[in-house]
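# Structural characterization, general
Below are the chains, spelled out letter by letter.
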Amino acid sequence: MAISIAACQSPDSPVSVEGSSSGALPSSASEGGTTVSEPVADSSSGAVDSTSGSTTDSPEPPLPPDLGSGKVPPPPMPNFVEVTEAAGLDLDPGEIMPPPFCVLDNISSHPDDLGDYCLPERALGAAAIGDFDGDGWPDIFLTRVQGPDWLLHNQGDGTFVDVAEARGLSRPHVTGGAAWVDIEGDGDLDLMLTALGDTRHYLYVNDGAGFFSEEGVERGVALESGFIRVGTSVAVGDYDLDGFVDLFVGDWRSTIALDGDVDYNRLLRNRGLLGPGTFEDVTEQVGIDMRSVSAQVGAPPGAWGFAPAFVDLDGDRYPELTLVADFGASRLWWNDGAGGFVDRTLAAGIGTEGNGMGSTFGDYDDDGDLDWFVSAIMSPSLEDPGNRMFRNEGGLVFSDVTDELDVRDGGWGWGASMFDFDLDGDLDLALASGFPATVYANDPVRLWFNTGAGPWPELAVEQGVDYQRQGRGLVAFDYDRDGDLDLLVHSNTESPGLFRNDQQGGSWLEVTTTGGFGNSQGIGVEVRVQETAGGPVQLRTIGVGSHYSGQAEAAAYFGFEDGDAPLHRVELTWPLTGTVLEFEEVPRNQHLRLGS
């Protein structure tokens, strides 16, 4: 079904369209003075007028951009302005602690020494974005090396205020990874945190008014035991398509340095209708064992997961499970649609990086499927070092185009994001980097400009993103709700950096979804936008973006050339049912909220 959205809303008043779970839409709906109505059917080839139902002649569409020349000029300079201090984010995450003051103990080298296993905490620095109180402004959760963490409430005026203690998030545990997730489908965001140096994880449940209580044990996600955790990132997605979101928690653990031959990279299935918002550990049931992967690839004994994600890479609606891991242990597990996973790493042609750290997905070449960037270490000691860009060729097969695009060298890479910073319609690439007391100590953030086939020029400093403060988590989000994506970089032990995007020119569309049933954010919904009839189609997937330690907001952002003409088509595909909804003649420059 296609409908026409007749009027544009201001950024502060998003259009909202909701229908039944089967995909049927009402013939008309309104919110805030905007009417959404089904157009009058017409057999002619002209475009449908969104207000009268009459048809008009469609102009010849412009030729698609040349994606093969590699000579696309860079955008005007600069786009970004650092506003960290002005926004209230000039924060101190903590000091680099030497032995014996680190969080973990290395039992292999000096069993009687305490606080001497410092390497795991050098990876800390999570940033997660979500509107926890439902006021329409994206808030920030940031971690601190020694805890407690920050919950930074967006004031709507360009500033943030820490409300962690007032909202019930004052426990002093050390956090590895963070994710906002509506565990029971009640419409508000809960907060899942993995722990480092503790024997369990934590889940803070939202009471609906933006206040939290810790219920990790009761909900089945604490995974409490007598062994220390080195928790990393959290993945959120509905892998079994039962309508409720599941979790995967990463863990980076040496079985030599730490006590216990255990693997805490775990798949946690939401019990759904049998117990909404409660989870069962099904890792062994589906055959995932990162210790055996380490043995297969010749990695040191342990389980080295850094950045998991649920993402549909073959177009069958069922999300695959990917896990970027250290020491050559990254995996791609194909979802068989029957509740199981099959390791397709080698057949897919991925997992070739030596030290995988972070992960981001996006359709950088606009061919209709998601490509995969993996951040890694540009170490001269490795035969084939550095990052990887894997282009999706279809059929769950990827080709390595890293050197074609010239995105291999990012120093010691961590968090990454594909996002359209200049509103030109294609995805660019940002990467946070750094590691203390090494040649990577002053690694800058990289920002590669998408020129198509490549090479992609690195333009961070020229674009105003000058950050050399031990970057870890990195997310792109529209904190000021002006339509272009800003950039947040969190650090291990130095101040984070917030870079406001002051893009001049271009137009935009933001799409958020309400999934109904147990998936209130529509995680996994595919959004396709075609600016003009016959032109290229942009693809985004809700909840798929940055996947190191934290997460971006659950929204799809699109950029276009300057213009006032409505967008030809917006199409949404819900993975649970396969329902496809089409919206025609959609006004630009608006926040569009669509429901199933």
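Every value quoted in this text rests on a predicted model; they were computed, and no experiment measured them.

This part covers a negative patch on the surface. A contiguous patch of negative charge on the surface is contributed by Asp424, Glu561, Asp562 and Asp564. For aspartate 564, the location among the structural elements is in the loop between strand 37 (556-560) and strand 38 (567-573). When its relative accessible area of 78% is taken as the criterion, aspartate 564 is described as exposed.

Two orientations exist for strands paired in a sheet by backbone hydrogen bonds: parallel and antiparallel. Reading across the sheet, the four strands line up as 24-25-26-27 and stay open at both edges, with antiparallel pairing between neighbours. Only two strands of the sheet have a single partner each, and these edge strands are strand 24 (359-362) and strand 27 (398-400). The mean angle between the axes of side-by-side strands here comes to 20°, regardless of whether they run parallel or antiparallel. Relative to strand 26 (residues 388-392), strand 25 (residues 371-374) runs antiparallel, the two sharing three bridges. Residue pairing for strand 26: phenylalanine 373 is matched across the bridge by methionine 389.

On the surface, Leu273, Phe517 and Leu576 cluster together into a nonpolar patch covering about 320 Å² of accessible area. Mapping leucine 576 onto the fold places it in the loop between strand 38 and strand 39 (580-586). A relative accessible area of 35% places leucine 576 in the partly exposed class.

Moving on, we come to helix 3 (residues 290-297). Taken together, the buried positions of helix 3 are occupied by Met290, Val293 and Ser294. Buried positions in helix 3, seen along its axis, are confined to an arc of 100° and lie on one side of it. Exposed and oriented more than 90 degrees from the buried face of helix 3 are Ala295 and Gln296. Its buried side turned inward, helix 3 meets strand 20 (302-311), strand 21 (320-325) and strand 22 (331-335). The distance from a side-chain oxygen at the start of helix 3 to the backbone nitrogen of arginine 291 is 3.0 Å, and the residue carrying that oxygen is aspartate 289. Looking one or two places after helix 3, you find glycine 298, whose phi comes out positive at around 80°.

In terms of burial, strand 40 (residues 590-595) is a largely internal element, five of the six residues being buried. By the bridge criterion, six bridges tie strand 34 (residues 507-514) to strand 40 in an arrangement that is parallel. Of the residues in strand 40, the one forming a bridge with threonine 514 is glycine 595.

Turning to unusual backbone geometry, a few remarks are in order. Here glycine 147 and proline 148 are connected by a cis peptide whose omega angle stands at -10°. The step from glycine 454 to proline 455 runs through a cis peptide bond, and the omega angle for that step is 0°. Phi is positive for leucine 241, close to 50°, though the residue is something other than glycine. Secondary-structure assignment places leucine 241 in the loop between strand 16 (231-237) and strand 17 (246-254). Here arginine 481, not a glycine, exhibits a phi torsion of approximately 60°, which is positive. Its location among the elements puts arginine 481 in the loop between strand 31 (471-477) and strand 32 (486-491).

Our next topic: the sheet that holds strand 12 (residues 175-181). The antiparallel open sheet is built from four strands, whose spatial order is 12-13-14-15. Strands at the two margins of the open sheet, each flanked by one partner only, are strand 12 and strand 15 (212-214). Pairwise comparison of adjacent strand axes, ignoring direction, gives a mean angle of 20° for this sheet. Note that strand 14 (residues 202-206) and strand 15 share three bridges and pair antiparallel. Looking at strand 15, one finds that tyrosine 204 is bridged to glutamate 214.

Here asparagine 501 lies in strand 33 (residues 497-501). Looking at asparagine 501, the relative accessible area reads 0%, which means it is buried. At a separation of 2.8 Å, a polar atom in the side chain of asparagine 501 contacts the main-chain carbonyl oxygen of phenylalanine 421. Ignoring any residue separated from it by four or fewer positions in sequence, one finds asparagine 501 in contact with Asn79, Phe80, Phe421, Asp482, Asp484, Leu485 and Asp486.

On to the side chain of aspartate 240. Relative to the helices and strands, aspartate 240 resides in the loop between strand 16 and strand 17. Polar side-chain contacts of aspartate 240 include one of 2.9 Å to the side chain of arginine 269. Beyond its immediate sequence surroundings of up to four residues, aspartate 240 is in contact with Asp246, Arg269 and Tyr318.

Here is what the cut-offs are and how they apply
Residues numbered from 1 in each chain as written. Predicted model: local features only at pLDDT ≥ 70, side-chain atom pairs only at ≥ 80, totals over all residues. Heavy atoms only, no water. Patch = residues over 30% accessible without salt bridge, like charges linked within 9 Å, V, L, I, M, F, W, Y side chains within 5 Å. Areas by Shrake-Rupley, 256 points an atom, 1.4 Å probe, with all protein chains shown as cover. Salt bridge = Lys/Arg side-chain N within 4 Å of Asp/Glu carboxyl O. Lys, Arg positive; Asp, Glu negative; His and termini not counted. Charge placed at Lys NZ, Arg CZ, Asp CG, Glu CD. Helix = DSSP H or I, 4+ residues; strand = E, 2+ residues; numbered from the N terminus. Buried < 20%, exposed > 50% of the residue type's maximum accessible area, 1.4 Å probe, protein only. Pairing = 2+ DSSP bridges. Axes fitted to C-alpha atoms, helices over the stretch in contact; angles between N-to-C directions. Arc of directions from axis to C-beta. Contact = heavy atoms within 4.5 Å. Polar contact = N/O pair within 3.5 Å; in protein donor to acceptor, adjacent residues only side chain to side chain.

Such coordinate-based values are descriptive only and should not be taken to indicate function.
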